[in-house]
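# Chain and residue survey
Chain by chain, the residues run as shown.
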Amino acid sequence: MASEQFNIQLKNFKIELDEDATEYIGGMLSDMSLTDHEEIRESTENFLIDANADDNTRDNFFKSLFSNNLFQGKTEPEAKQGPILLTRKIPQSMTLPPSPLSQQPETKTEEINNEPSKTTPKRVTLAEKRAKKTTKPKQVDTEEQEPILVAVSQQSRFHTETIESVNKEIDLPGVQISINQLDLLVDAHLRLKPLTRYGLVGQNGVGKSILMKCLADNLLVGLPQNLNILHISQLEDFDENTTVVEEVLSADKKATVALREYEVLRAVIGDNAPDPNNQTSNVELNKVVFSIMKSRIKDRVEEANRLATKRSGLRGREARKELVKLEKEYADFCTNQPETYVTADMVNTIISQVFEKVELIDQEERLNRAKKLLKGLGFSQEQSTTVISTFSGGWRMRIALAKSLFVKPDILLLDEPTNHLDLPAILWLQEYIINDTGDMIVVIVSHDREFLNNVTEETIIMKDKKLKYHAGNYQDWEINTEEQRIRKQALLDVKKQIMSSIQHNHQQAKSTGDDKRHGMINSRRKKLERLGMEKTEDGKRFKQSYRAGYHLDGRVAIEVEKGVKTATIKIPEPPQLRYHGPIFRMTDASFRYSKSEKNAIEPFSINIEPNARIAFIGPNGCGKSTLLNMLTGKTQPTSGEVYRHSLLRVGYFSQHLVDQLDLNLSPVEYMMLKYPTISEQECRAHFGSIGISGKLVLQKIRSLSGGQRNRIAFAMILFDRPHVLVLDEITNHLDMGTVEMLVEALAGYSGALVVVSHDVWFLKQILEPETSHDEDEDGEDESVSTQNEVFTINNGQVQKWEKGIDAYVASVMRIVRKKNRAI
């Protein structure tokens, strides 16, 4: 055995390791290819270093170890066959979820019997995956390679797991998170206070979603084990054959299991106690009790398998030990016969447990709460009882959101919850989080500034691999940061002036011999030493005694915080039409779908000027996309007329355009497929103008984020230099910095703009910008006027809104609150 040979070499070289270390190394060697000497050395050498073995000793140790035939792949059958893999005996009746780290297809499990299996399936185990982290990564396609996630936090060497705590606060110092050896957090301090709503902000790609995943999967040591932490992504798997309301109810797993156990028991005994004289009934009851006990053990095995799959290092090793123990317990349990194994005491215990749990469940309250959540998120009564398989992606996200709100965890993690929600649903969610999550810790990642500002109380800034905290919402943090930057820059300018003055006076004193200037120089040097920050970054007053080590000045150094760099977006100027009339004209245009008795869009008229800014707002399903399709010529009006200039170029962005991207091509390949006459260099230059550059343009679109895919789709419609941009929910999946760049680019765009969006901040920037002025030939300011108009759509009726965006939001909020009171 490899572990025996390793231990023999330890004795030969007089290297002493503790029992846990040798056992752990033995487990790793069992999971490795013994002919891969570099991998073995890199995985085990740190243990020898800890045992104070010098370089020469380690070199000779591994030279002697690898000279053994077992590590040469010559004589041992195991070495000839390749890697030695650990296999676990799992009952055929039990189905465990496959490991997400495994890249091999799922294999059949062995039957538990006295005869050995003829063939042992090969499985890539967790230890093999973890061992690969220390070797140089191979060039594997991104969709085939599972990312390796490592998450640790500061702990004592004797600490193995956190005990349950009454306090629901999270306070974890020394948090370090990396994915594929790329550091996302380094020595960060994670603090979450009870009854607080946080906004987690940062650029796309800094690791906000990964941090949420580490919390939800319990990967960090120090997390209180009694806390129920829920991430919305954990609820995105659905049973396609259930109705929406049933799926929401099933999110509460404890209640679902208790009700299922109750139903199977009730089918045998009814509402009465079991009759000891009824032998037939007792046999059936024993089988039911046995199945309940078996299911409970199976649930424990699945939970242990989840932990063993997710965790690494010492905690992963302990989790795998626990998994093996539970697997054996399950296998042993399955060999029993219900008729002889189940006793009367077991029956009474199970029945009392099940009935006590069910008595605590208010099924009517659960059903009403589920219906309330679904109604608030825009589901009708009919939709709530419809099978999930009939719903598209946007509606499925709403179902996942309803499930996460229904569970009522201790810590709720919401990642972009407003995506695919219309304004009424966003405002409803805003009200729900403020009023109905008071006993939770809520952490929200969102690009919707208005939503984030209205909902959150504190802000966590994920930047430079650290976590910074601000006691206020995102807008307050932005204002505070800008004020700090201006103040620090002013202090820095004063410091430069003083230093320049000191140098000038020193030169003058040296050339003229004026000794009075030396006194002035000393005075200004003292002033320079006192110049600095009086308060630390966390707002505490500075004291010299708080600063460890040697310092050249008496204050904290002035450091002006650099702004976050976001890739700019450049929209090309459209060619001139040499036409001064409206580019779009609709005259009493209406649209009706075939086999429908009602118009989707009632007769509507509008003239759109070349530099217009038009917005259509309304709830989902009101006809916005139908109107845009009719406006851009994708569909023809049922009645009335739609006029477009004959040379007009229209750039129409929609989520459908993003979904049509070929995920198996790179952005450059996709663009060259659409435009065969252009070169790769032209493609790169065009994608660079909207912030997709470097290696990104050569990666498969499948590996890019939602925001990057939006940019690619936007770039495709910009290539023709359109005279009018029609943008349908373009801000979905974009971070705040990118939305800012988009607003800035659209502000300088001379063509017409037609927008559909539920992002209130984005709409206000586009339609209600500060009045701009240009100077005429006489030097006087002349206001630049554009056609800025907002139209509301409701049940196909299109009407002009004159009162502004804020007034519209207030009117929708009144309707939402009225509906909430009616429920």
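The preceding data block contains the structure.
Below is a summary of the structure that appears in this document. If you're wondering where the values come from, they're calculated on a predicted model, not measured in any experiment.

For strand S7 (residues 441–445), the tally of buried residues reaches five of five residues, placing the bulk of the element in the interior. Of the two faces of S7, the one lined by Ile441, Val443 and Val445 and the one lined by Val442 and Ile444 are each fully buried. Pairing analysis gives three bridges linking strand S4 (residues 197–201) to S7, with the strands arranged parallel. Counted as the bridge partner of Gly199 is Ile444 from S7. Across five bridges, the pairing between strand S6 (residues 411–415) and S7 is parallel. Its bridge partner being in S7, Ile411 is matched across the sheet by Ile441. As a crossover connection, the stretch from S6 through helix H18 (residues 423–436) into S7 is right-handed.

So, about the pattern of salt bridges. A complete count under the given rule lists 20 salt bridges for this structure. Residue Glu431 pairs with Arg817 through a salt bridge whose shortest N-O separation is 3.2 Å. Within this pair, whereas Glu431 is found in helix H18, its partner Arg817 is found in helix H29 (residues 805–822), the two being separated by 386 residues in sequence. Exposure remark for Glu431: the relative accessible area of 11% places this residue in the buried category. On the basis of relative accessibility, which here comes to 40%, the residue Arg817 falls in the partly exposed class. The closest approach of N and O atoms between Glu802 and Lys800, which form a salt bridge, is 3.9 Å. The exposure class assigned to Glu802 is exposed, which follows from its relative accessible area of 64%. Taken together, the shared-partner salt bridges connect Arg449, Glu478 and Glu740 into one network.

What follows covers the side chain of Asn599. Mapped onto the elements of the fold, Asn599 is located in the loop between strand S10 (584–591) and strand S11 (601–608). A relative accessible area of 15% means that Asn599 is categorised as buried. A distance of 2.9 Å separates the side chain of Asn599 from the side chain of Arg592, its partner in a polar contact. Sequence-distant contacts of Asn599, defined by excluding residues within four places in its chain, comprise Ser590, Phe591 and Arg592.

All right, on to the nonpolar core then. In this structure, Ile571, Phe687, Phe714, Leu725, Leu746 and Phe762 are the most contacted members of the largest nonpolar core, which totals 98 residues. Those residues in contact with Ile571, other than ones at most four positions away along the chain, are Phe714, Leu718, Leu725, Ala745, Leu746 and Tyr749. Counting residues in each nonpolar core, the second largest holds 32 residues, with Ile170, Leu220, Ile229 and Ile460 among its members.

Given 3.6 residues per turn, any residue in an α-helix points the same way as the ones three and four places further on. Among the residues of helix H8 (residues 208–216), those classed as buried are Lys208, Leu211, Met212, Cys214, Leu215 and Ala216. Once H8 finishes, Asn218 follows within two positions and takes phi at roughly 60°, a positive value.

This part takes up unusual backbone geometry. Even without glycine at this site, Glu416 takes up a positive phi of about 50°. Relative to the helices and strands, Glu416 resides in the loop between S6 and H18. Even without glycine at this site, Asp464 takes up a positive phi of about 55°. Within the secondary structure layout, Asp464 lies in the loop between strand S8 (458–463) and strand S9 (466–470).

So, on to the pairing of strand S1 (residues 149–152). Covered by surrounding structure in S1 are Leu149 and Ala151 only, the residues Val150 and Val152 on the alternate face being uncovered. Bridge analysis of S1 against strand S2 (residues 170–179) gives four bridges, and the strand direction is antiparallel. The partner of Val150 across the bridge, within S2, is Ser178.

Read across the sheet, six strands follow the order S14-S15-S16-S12-S19-S20 without closing on themselves; strand pairing throughout is mixed. Each end of this open sheet is capped by a strand with a single partner; those strands are strand S14 (650–653) and strand S20 (797–801). Recorded for the sheet is a direction-independent mean angle of 15° between the axes of neighbouring strands. The pairing of strand S19 (residues 788–794) with S20 spans five bridges and is classified as antiparallel. When the bridges of S20 are listed, Thr792 appears paired with Gln799. Here helix H28 (residues 760–767) sits on the sheet and contacts strand S12 (613–617), strand S16 (752–756) and S19; the angle it forms with S12, its principal contact strand, is near 150°.

On to empty space enclosed by the protein, then. To find the voids left in a structure, one rolls a probe of water-molecule size over its atoms. Counted according to the given criterion, the structure contains four cavities of 30 Å³ or more. Quantified by volume, the largest cavity comes out at close to 60 Å³. At the level of secondary structure, the elements contributing two or more residues to the lining of the largest cavity comprise strand S3 (182–192) and H8. For the lining of the largest cavity, the element with the most residues is H8, which contributes three residues. Considering only enclosed or pocket space, the second largest cavity measures out at about 50 Å³ in volume. Contributing to the lining of the second largest cavity are Ile569, Asn710, Arg711, Phe714, Ile730, Leu734, Thr738 and Leu742.

The rules we used
Numbers given for residues are sequential positions, taken from 1 along each chain in its written order. At least 70 in pLDDT is required for a residue's local features to be given in this predicted model, at least 80 for side-chain atom pairs to be given and counted, and no such filter applies to totals for whole chains, interfaces and linings, which use all residues. Derived side-chain values reflect all non-hydrogen atoms in the structure, with water molecules and hydrogen atoms excluded from consideration. When a residue's accessible area, from a 1.4 Å probe over protein chains only, is under 20% of the maximum for its type it is buried; when over 50% it is exposed; and in between it is partly exposed. Helix and strand assignments follow DSSP, with helices taken as H or I runs no shorter than four residues and strands as E runs no shorter than two, numbered in order from the N terminus. At least two bridges found by DSSP between two strands are what make those strands a pair. Crossovers are described as right-handed under a simple rule: with the strands pointing away from the observer, the path leading from the first strand over the helix to the second runs clockwise. Counted as salt bridges are all cases of a side-chain nitrogen of Lys or Arg within 4 Å of a carboxyl oxygen of Asp or Glu. Throughout this description, a polar contact denotes any pair of N or O atoms lying within 3.5 Å of each other; where both atoms belong to protein, one of them has to be capable of donating a hydrogen while the other can accept it, and for residues adjacent in sequence the pair is counted only when both atoms sit in side chains. By the convention used here, residues are in contact when the closest approach between their heavy atoms is within 4.5 Å. Only buried Ala, Val, Leu, Ile, Met, Phe, Trp, Tyr and Cys residues count toward a nonpolar core, and they belong to the same one when joined by side-chain atoms within 4.5 Å. A fitted line through C-alpha atoms represents every axis, and for helices the fit uses only the stretch in contact; the resulting angles, taken between N-to-C directions, go from 0 to 180 degrees. Using a grid of 1 Å spacing that covers the protein atoms alone, one calls a set of points a cavity when a 1.4 Å probe fits there but cannot get out, and a pocket when the set is open and has protein on both sides within 12 Å along at least five of seven lines; lining residues are those with an atom within 4 Å of a point. Grid points are joined across faces, edges and corners, and a volume is the space filled by probe spheres set on the points.

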